[in-house]
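Residue-level structure breakdown
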Amino acid sequence: MMHFFDAVYSITLLFCILSGLFVYKRLNASANVIFILVLLAGLTEYTGNVFSFFKINKAPLYHIYSLLEITLMSVFFLMTIKKYKKKYAIICFSFWLTICIINAQCFQPITKFNSYMLITESFVIIIMSLYALYAILSSDVVNVFRDNSFWIWTVVLLFWSGTFFYWAYIELFYKEGIKFIKLITYFQIVINILFYLGIGAVFLRYPGKLKTK
Amino acid sequence: MSNSYAVLIFVIGTLIMMLFAFTLVIFLIIHKKKRYEHLLEKQQMANDYQTQLLQSQLEVQEQSFKYFSEEIHDNIGQLLSIVKMQLYNIRNNSKEQETITKATESNELLGKAITDLRNISHTLNSAFVSNAGLADAIEKDLEYIRSAKDVSCTLHRSGEERDLGNERELLIFRIIQEAIGNAIKHASPTAIDIYLEYRQGGALNVMIQDNGSGFDMSEKMNGGIGLNNMHVRAGLLKGIIEVSSIKDRGTIIALEITAEVA
């Protein structure tokens with residue numbers, strides 16, 4: 001069953017990458033950032049599979065990916081939110097980086113799975129997404145359906161809201177070996193699948209208005 | 001913390017987070033949709049108001065045209081006819097050759113003036129277009145221009161002619177008049193060609209082409225009252241009007257009225 005979910009997840013990720021490639025010339029700068037993020041996610045996941053096959057510790061891979069992910073997400077929000085100021089992005093990023101350094105030094109070294117980093121990452125991205133939605137709510141943009149950035153913010157918010165508690169409890173669940181662990185993991189994979197399907201679908205909507213600037 | 005308690009927090013926490021995010025997005029979509037609809041409604045109302053205002057302006061203009069037309073026909077025309085008769089009497093009763101010659105020449109000039117005035121009176125009167133029909137009204141107007149302004153004017157008619165309704169024909173006629181008037185006033189053309197094409201399926205294309213001095217599109221497109229009037233009238237016809245001009249080469253004004261409207 002796990003193999004099936006993993007396979008569907010890999011195919012969805014591939015669909016998302018191919019969607020981005022298909023409309024690559026039509027993507028604007030901020031969409032390109034998301035596309036790079038998807039490419040990196042794909043690279044990390046497929047490399048992670050290879051590492052698993054050769055029984056190599058893949059935790060460092062996720063540490064690096066998390067760092068790149070939060071950086072690219074910060075850049076994306078900076079590019080798409082009209083009211084968003086550079087200093088907010090820098091504050092969010094710095095806050096998260098400090099937590100990461102403390103975490104790597106004191107709790108989860110680079111050889112261990114970085115769930116605490118992911119909790120703070122979720123928190124920061126949820127805050128940025130909420131701010132983005134607040135910005136569009138108070139902006140003059142009336143037809144949000146045509147605004148691709150709105151759909152990306154929505155997909156990002158739903159994804160990180162759905163995974164926040166997973167990162168908070170995953171270590172405990174695995175340590176305790178609770179009986180629902182598989183079900184919870186399936187649920188998380190489904191959320192991942194929906195996320196990449198959503199992003200892939202938004203890519204295919206291009207060219208559309210992405211920037212609210 | 002017991003395992004079941006942790007699972008419960010995970011499930012409830014995840015559900016609340018996702019529900020919150022979902023509700024927020026739905027609220028935002030509904031809010032924006034309502035604002036969008038409200039904005040569309042406001043725009044529609046503003047457009048309707050603008051159209052009504054323009055229609056009223058044009059109606060007032062038409063009434064003024066009618067008043068001038070009647071004044072010219074009934075008063076000035078009558079007075080000039082009396083003057084013509086008196087000149088005729090002077091010519092018949094006079095014995096001096098010089099007086100006879102001058103009276104004859106004045107009578108001829110007066111005759112031409114009366115004819116021109118009658119033509120102006122006709123073209124100003126909206127009933128003239130409805131009585132004669134669009135194409136014939138244009139022909140009459142061109143006849144007057146040919147005689148009065150020394151400009152070669154030709155109407156090219158194609159397609160099966162049909163009645164478009166008095167109001168629409170009058171609007172089209174006024175657009176053509178405005179275009180010709182503008183050309184004569186500002187571009188000093190030697191030739192004006194009007195193409196009236198009744199297309200299959202009910203659409204109508206009108207093109208007014210002159211070989212005058214033309215104008216710089218970037219400079220004059222937003223300013224002229226004449227051009228604005230044409231756009232207003234085209235808007236009332238729900239037609240599309242395009243103006244293209246090249247300096248020293250002339251101007252083309254194309255009006256396209258779609259089948260549904262025509």
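Scope of this entry: the structure provided in the associated data block. (Residues numbered from 1 in each chain as written. Chains lettered and ligands numbered in written order. Predicted model: local features only at pLDDT ≥ 70, side-chain atom pairs only at ≥ 80, totals over all residues. Heavy atoms only, no water.)

**Things to note about the pairing of strand β3 (residues 204-210) of chain B**
Residue and element names in this part refer to chain B. Here is the rule we go by: Between buried and exposed lies partly exposed: a residue is buried under 20% and exposed over 50% of the maximum accessible area for its type, with that area taken using a 1.4 Å probe on protein chains only. Under the scheme used here, helices are H or I runs from DSSP no shorter than 4 residues and strands are E runs no shorter than 2 residues, and both carry numbers assigned from the N terminus. DSSP bridges decide pairing: two strands pair if at least two such bridges lie between them.
Among the seven residues in β3, five count as buried, and that is most of the element. Relative to β3, strand β2 (residues 191-198) runs antiparallel, the two sharing seven bridges. Looking at β3, one finds that Ile192 is bridged to Asp210. Adjacent in sequence and paired antiparallel, β2 and β3 are bridged by five residues, among which Gly201 carries a positive phi angle near 90°.

**Quick word on the interface of chain A and chain B**
What counts, and what does not: For this analysis, residues touch if any pair of their heavy atoms sits within 4.5 Å. Here the quantity called buried area is the accessible surface, traced with a 1.4 Å probe, that two parts lose on coming together, added over both. Take a side-chain nitrogen of Lys or Arg and a carboxyl oxygen of Asp or Glu: if they are within 4 Å of each other, that pair is a salt bridge. Residues adjacent in sequence count toward polar contacts only when both atoms are side-chain atoms; beyond that, a polar contact is any pair of N or O atoms within 3.5 Å, and within protein one must be able to donate a hydrogen and the other to accept it. Only Asp, Glu, Lys and Arg are considered charged in this grouping, and only Ala, Val, Leu, Ile, Met, Phe, Trp, Tyr, Cys and Pro are considered nonpolar; every other residue, Gly among them, is considered polar.
Counting residues at the interface gives 32 residues for chain A and 24 residues for chain B. Both sides together, the interface formed by chain A and chain B hides about 2500 Å², and carbon and sulfur atoms give 82% of it. Applying the counting rule to chain A against chain B returns zero salt bridges. If you look at where chain A meets chain B, you find four residue pairs in polar contact (both at pLDDT 80 or more). Of all the secondary-structure elements, those providing two or more residues to the side of chain A that touches chain B are α5 (115-137), α6 (148-176) and α7 (181-204) of chain A. Top contributing element to the side of chain A that touches chain B by residue count: α6(A), with 14 residues. Among the residues making up the side of chain A that touches chain B, the classes are represented as 24 nonpolar, six polar and two charged.

**Things to note about the environment of B:Asp193**
All names here are of chain B. You can see Asp193 is positioned in strand β2. Spatially, the C-alpha atoms of Asp193 and Thr154 are 5.0 Å apart, while their sequence positions differ by 39 residues. Setting aside anything within four residues of it in sequence, one finds Asp193 in contact with Thr154, His156, Met207, Ile208 and Gln209. One polar contact links Asp193 to His156, side chain to side chain, over a distance of 2.8 Å.

**Looking at the environment of B:Arg233**
All names here are of chain B. Along the chain, Arg233 falls in helix α7 (residues 225-236). Each C-alpha atom, one on Arg233 and one on Gln55, is 8.6 Å from the other, the two residues being 178 residues apart in sequence. Leave out the neighbours within four places in its chain, and Arg233 touches Leu58, Gln61, Leu171, Arg174, Ile175 and Glu178. A distance of 2.5 Å separates polar atoms of two side chains, one belonging to Arg233 and the other to Gln61.

**Observations regarding the packing of α7(A) against helix α1 (residues 3-93) of chain B**
Worth spelling out the cut-off: Here an angle of 0 to 180 degrees is reported between the N-to-C directions of two axes, which are lines fitted to C-alpha atoms, with helices fitted over the stretch in contact. An angle counts as roughly parallel when it lies under 35 degrees, as roughly antiparallel when it exceeds 145, as roughly perpendicular when it falls between 65 and 115, and as oblique in every other case. Each crossing gets its hand from how the near helix is turned against the far one by less than a right angle, where anticlockwise is left-handed and clockwise is right-handed.
One way to put it is that α7(A) packs onto α1(B) with a least axis distance of 13 Å and a crossing angle of 15°. Of the possible angle classes, the one that applies to α7(A) and α1(B) is roughly parallel. Regarding α7(A) and α1(B), the two cross each other, and that crossing is left-handed. Two secondary-structure elements touch here, α7(A) through A:Ile184, A:Phe187, A:Gln188 and A:Ile191 and α1(B) through B:Phe10, B:Thr14 and B:Met18.

**Description of the side chain of A:Gln188**
Residue placement: A:Gln188 occurs in helix α7. A polar atom in the side chain of A:Gln188 sits 3.4 Å from the backbone oxygen of A:Gly162. Excluding anything up to four places from it in sequence, A:Gln188 contacts A:Gly162, A:Thr163, A:Tyr166 and B:Phe10.

**As for the packing of helix α4 (residues 134-149) of chain B against helix α5 (residues 166-187) of chain B**
All names here are of chain B. It is at 10 Å that the axes of α4 and α5 come closest, and there the two elements cross at 20°. As judged from the angle between their axes, α4 and α5 are roughly parallel. Of the two elements, α4 crosses α5, and the hand of that crossing is right-handed. Contact residues: α4 offers Leu134, Ala137, Ile138, Asp141, Leu142, Ile145 and Lys149, while α5 offers Glu169, Ile172, Phe173, Ile176, Gln177, Ile180 and Ile184. Among the residues forming the contact of α4 with α5, the class breakdown is ten nonpolar, one polar and three charged.

**Observations concerning the pattern of salt bridges**
Residues and elements named next belong to chain B. With the rule as written, the count across this model stands at eight salt bridges over all chains. Between Glu139 and Arg157 there is a salt bridge whose closest N-O contact spans 3.7 Å. With Glu139 in helix α4 and Arg157 in strand β1 (residues 152-158), this pair connects stretches of sequence that are 18 residues apart. A salt bridge links Arg233 to Glu178; its shortest N-O distance comes to 3.6 Å. Taken as a pair, Arg233 in helix α7 and Glu178 in helix α5 lie far apart in primary sequence, 55 residues in all. The same class applies to Arg233 and to Glu178, which are both buried. Overlapping salt bridges bring together Asp136, Glu139, Arg157 and Glu161 as one network.

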